[in-house]
Amino acid sequence: MHLIYLYFKYVICYYSYNALKVSALYFKEGLINMEKTKTCCFAGHRRLPKDNIQRIMIRLNQEIDNLISQGVTDFISGGALGFDQIAASVITAKKEMGYDVKLVFALPCRNQDVLWTTERKKLYHRLLEEADEIVYVLETYTNDCMKKRNQYMVDRSLYCICAQIYSTGGTVQTVQYARQNRLKVINITI
């Protein structure tokens, strides 16, 4: 349950961040030399059923621990609301607990959060501050920037932990692309 506490620590920071000043976000591309065989990406829906969040987090933690025990050290999150940020929070917690893991954000564009609420932006930027590397797949938003971001993550990974509940959307397309590219896909909602 320590992991859940750490995740909720970030959520509490997210809601109580008004008194704090957001520090500058630096582009960190090129800091990490990721080996595909030691890399896992995350794919999941932005909206997850509230009654499944705790179960998803427990299973996510178990699968991350399993991959770490197999030598996986680099984890790529797309930074989107929902599962992407939950997964990034778990990796951040692992780093705080002393695990030798890296958190990489592969973001579709610099202004991914332009339509988000102030509170969601604050949590997002707190998570970005914890990243070991931030990659902007494109400079600005385009109709296909999310798809390109998802392909970027899959192309650099051997594993994909997903929370695929629904049968349509970007998560489904990402998981299909991962399977086509022979990634080991682990759906934590099954």
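Scope of this entry: the structure provided in the associated data block.

Rules behind the numbers
Sequence order as written defines residue numbering, which begins from 1 separately in each chain. In keeping with the predicted nature of the model, local features appear solely for residues at pLDDT of at least 70, side-chain atom pairs appear and are counted solely at 80 or more, and the whole-chain, interface and lining totals rest on all residues. Side-chain measures here rest on the full set of heavy atoms in the structure, leaving out hydrogens and waters. Here is the rule: rings of Phe, Tyr and Trp (six-membered ring for Trp) pair when centre to centre is within 6.5 Å. Planes less than 30 degrees apart are stacked, more than 60 are edge-to-face, and the remainder are tilted. Counting from the N terminus, the helices are DSSP H or I runs at least four residues long and the strands are E runs at least two residues long. Think of it in three bands: with a 1.4 Å probe and only protein chains considered, a residue is buried below 20% of the maximum accessible area for its type, exposed above 50%, and partly exposed in between. Charge-over-ring placement is defined geometrically: NZ (Lys) or CZ (Arg) within 6 Å of the ring centre, and within 35 degrees of the ring normal.

## Considering the packing of aromatic side chains
Geometrically, a pair of aromatic rings is defined through the distance of the ring centres and the angle of the planes.
Link 1 in the chain: Within this structure, the stated rule accounts for three aromatic pairs.
Link 2 in the chain: Here Phe 42 and Phe 83 contribute two aromatic rings whose centre-to-centre distance is 6.3 Å and whose plane-to-plane angle is 75°, an arrangement assigned as edge-to-face. With Phe 42 in strand β1 (residues 39-44) and Phe 83 in helix α3 (residues 83-96), the pair connects residues that are 41 residues apart, well separated along the chain.
Link 3 in the chain: Given the relative accessible area of 0%, Phe 42 is considered buried.
Link 4 in the chain: Judged by relative accessible area, which is 0%, Phe 83 ranks as buried.
Link 5 in the chain: Here the aromatic rings of Trp 116 and Tyr 124 are separated by 4.8 Å at their centres, their planes lie at 75°, and the arrangement is edge-to-face.
Link 6 in the chain: We classify Trp 116 as buried; its relative accessible area is 16%.
Link 7 in the chain: Following the ring pairs from residue to residue traces out a cluster consisting of Phe 42, Phe 75 and Phe 83.
Link 8 in the chain: Between Lys 94 and the ring centre of Tyr 99, over which it is positioned, the NZ or CZ distance is 4.9 Å.
Link 9 in the chain: The side chain of Arg 110 reaches across the aromatic face of Tyr 136, ending 4.3 Å from its centre.

Limitation: the analysis is restricted to geometry and does not speak to function.
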